[in-house]
Amino acid sequence: MHIVMMEFVPGTDAAFFQKVEDYAERIRRECQGVRLYHFGANEAARSQGYTHAVVSAFDDAPTHDAYQVSKAHVEMKTYMGPSIQRLVVYDGAAPLL
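Quick caveat, the model's predicted, so the values are computed rather than measured.

Parameters and conventions
Residues numbered from 1 in each chain as written. Predicted model: local features only at pLDDT ≥ 70, side-chain atom pairs only at ≥ 80, totals over all residues. Heavy atoms only, no water. Helix = DSSP H or I, 4+ residues; strand = E, 2+ residues; numbered from the N terminus. Buried < 20%, exposed > 50% of the residue type's maximum accessible area, 1.4 Å probe, protein only. Polar contact = N/O pair within 3.5 Å; in protein donor to acceptor, adjacent residues only side chain to side chain. Pairing = 2+ DSSP bridges. Axes fitted to C-alpha atoms, helices over the stretch in contact; angles between N-to-C directions. Contact = heavy atoms within 4.5 Å.

A.B. asks: Could you give an account of the side chain of Ser-56, naming the residues involved and the relevant values?
C.D. replies: With respect to the secondary-structure elements, Ser-56 resides in strand 3 (residues 52-58). Judged by its relative accessible area of 0%, Ser-56 is buried. For Ser-56, the side chain forms a polar contact with the main-chain oxygen of His-2, separated by 2.8 Å.

See below:
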């Protein structure tokens, strides 16, 4: 599992989030071994300002490592970086049902 929760700078608009979703779709198409890849708004009232998250699951650790350096992911991070105010990451194993 790889989960990234993000808070964006004020003024981040809908066009930005649509482009991020376009990157997420590209990752789903291009990165082998991705079982789940979702970018979406955080609906929790207790989110502490983390308004969005990427929730993803991979076949195994080497698949996750390959995703981290994939062209699609690197381009997504480069695009998003200037708009991210804070983020927190969870990487860990979890059984898939």
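Additional details are given in the paragraphs that follow.
A.B. asks: Now, about the sheet that holds strand 2 (residues 34-41): what can you tell me, with residues and values included?
C.D. replies: Reading across the sheet, the 4 strands line up as 2-3-1-4 and stay open at both edges, with antiparallel pairing between neighbours. Of all the strands in the sheet, the pair left with one neighbour each is strand 2 and strand 4 (84-91). Neighbour-to-neighbour, the strand axes of this sheet turn through a mean angle of 10 degrees, independent of strand direction. Direction of pairing for strand 2 relative to strand 3: antiparallel, over a ladder of 7 bridges. The residue bridging Phe-39 from the neighbouring strand is Val-54, located in strand 3. Strands strand 1 (2-8), strand 2 and strand 3 of the sheet are contacted by helix 1 (residues 14-30), whose axis makes an angle of about 175 degrees with strand 2.

These results come straight from atomic positions and should not be treated as a statement about function.
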